[in-house]
Amino acid sequence: NIFKTQQMVGSLELAAKAVAAEDLLPHSAYFPFAIAGPLVCGFLGGCGGMFLPMSSGLKPIEEGKVWNVRAAFFCPIMYYVATRFCGCDLLNAKLGICLFRMAGDLFPEQRDRVIGTGTTLLYKGTRLRSTPLPVVVPVSKAEQGLIAQAS
């Protein structure tokens, strides 16, 4: 968890500083700092090479929702909001997301319940679907055979 947190925060901060130092393109007139680029870099840093080599495709997440990918999505957002909008110290924000990742690893049932509730509220608010997808998507033996034949 400490290594992944370091990778995530390092990638995010490096991207934020690189975008801020870039002079070839004009900076945003609406935001005082870059948002999308650093968050994407933080997400990719948090995945820890899960999708490398690229030929592996989406195999790491085929069995359902993976906590490492969820944490890699949530943690850069929490870190960026804490440091850029709330004025938290960088080291304290890094400690916070490291503890968040550890709590998610130590208490998986509670983690899934909280994230499931949040996902349900998000889906109801946006009207995308009424309930979240199951944690593990069952694949029948016939479907597994079709998948094997296609690849």
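The preceding data block contains the structure.
Residues numbered from 1 in each chain as written. Predicted model: local features only at pLDDT ≥ 70, side-chain atom pairs only at ≥ 80, totals over all residues. Heavy atoms only, no water.

Asker: Sorry, what's going on with a nonpolar patch on the surface here?
Answerer: Together, Phe73, Ile77, Val81 and Phe85 give the surface a local cluster of nonpolar side chains, amounting to about 370 Å² of exposed area. Looking at the secondary structure, you find phenylalanine 85 in helix 3 (residues 67–85). Since its relative accessible area comes to 52%, phenylalanine 85 is described here as exposed. (Patch = residues over 30% accessible without salt bridge, like charges linked within 9 Å, V, L, I, M, F, W, Y side chains within 5 Å. Areas by Shrake-Rupley, 256 points an atom, 1.4 Å probe, with all protein chains shown as cover. Salt bridge = Lys/Arg side-chain N within 4 Å of Asp/Glu carboxyl O. Helix = DSSP H or I, 4+ residues; strand = E, 2+ residues; numbered from the N terminus. Buried < 20%, exposed > 50% of the residue type's maximum accessible area, 1.4 Å probe, protein only.)

Asker: Whenever I open this one, the pattern of salt bridges confuses me. Can you help?
Answerer: Side chains that carry opposite charge are capable of pairing whenever their charged atoms lie near each other. Under the counting rule described, the total for this entry stands at three salt bridges. Notably, a salt bridge pairs glutamate 13 with arginine 84, separated by 3.1 Å at the nearest N-O pair. Placement of the pair is glutamate 13 in helix 1 (residues 2–21) and arginine 84 in helix 3, with a sequence separation of 71 residues. Take glutamate 13: its relative accessible area is 12%, and that puts it in the buried class. A residue is classified by how much of its surface remains accessible, and arginine 84, at 23% relative accessible area, is partly exposed. A single salt-bridge network, built from bridges that share partners, covers Arg70, Arg111 and Asp112.

Asker: Is there a simple way to explain the packing of helix 1 against helix 2 (residues 36–47) in this structure?
Answerer: Two packed helices can be described by the angle between their axes and the distance between those axes. One can describe the packing of helix 1 onto helix 2 by two numbers: an axis separation of 7 Å at closest approach and a directional angle of 155°. For the element pair helix 1 / helix 2, the angle class is roughly antiparallel. The element helix 1 and its partner helix 2 pack so that their crossing is right-handed. Contact residues: helix 1 offers Lys4, Gln7, Met8, Ser11, Leu12, Ala15 and Ala16, while helix 2 offers Gly37, Pro38, Leu39, Cys41, Gly42, Gly45 and Gly46. Broken down by class, the residue content of the contact of helix 1 with helix 2 amounts to seven nonpolar, six polar and one charged. (Axes fitted to C-alpha atoms, helices over the stretch in contact; angles between N-to-C directions. Parallel < 35°, antiparallel > 145°, perpendicular 65-115°, else oblique. Left-handed = near helix turned anticlockwise from the far one by under 90°. Contact = heavy atoms within 4.5 Å. Nonpolar A, V, L, I, M, F, W, Y, C, P; charged D, E, K, R; others polar.)

Asker: Honestly, helix 1 in this entry has me stumped. Any pointers?
Answerer: Because the α-helix completes a turn every 3.6 residues, residues three or four places apart line up on one side. Along its 20 residues, helix 1 runs 28 Å from first to last C-alpha, staying within 8% of the 28 Å computed at 1.5 Å per residue. Listing the buried residues of helix 1 in full gives Thr5, Met8, Val9, Leu12, Glu13, Ala15 and Ala16. The arc that holds every buried residue of helix 1, seen down its axis, measures 160°, which confines them to one face. Those residues of helix 1 that are exposed and aimed more than 90 degrees away from the buried face are Phe3, Leu14, Lys17 and Ala21. Where helix 1 is buried, its residues touch helix 2, helix 3 and helix 4 (90–106). (Expected span 1.5 Å × (residues − 1). Arc of directions from axis to C-beta.)

Asker: Mind showing me how you'd approach the environment of alanine 16 here?
Answerer: On the secondary structure map, alanine 16 appears in helix 1. Each C-alpha atom of the pair alanine 16 and leucine 39 lies 8.8 Å from the other, and the pair is 23 residues apart in sequence. With near-sequence residues (within four places) excluded, alanine 16 lies in contact with Pro38, Tyr80 and Arg84.

By themselves these figures say nothing about function.
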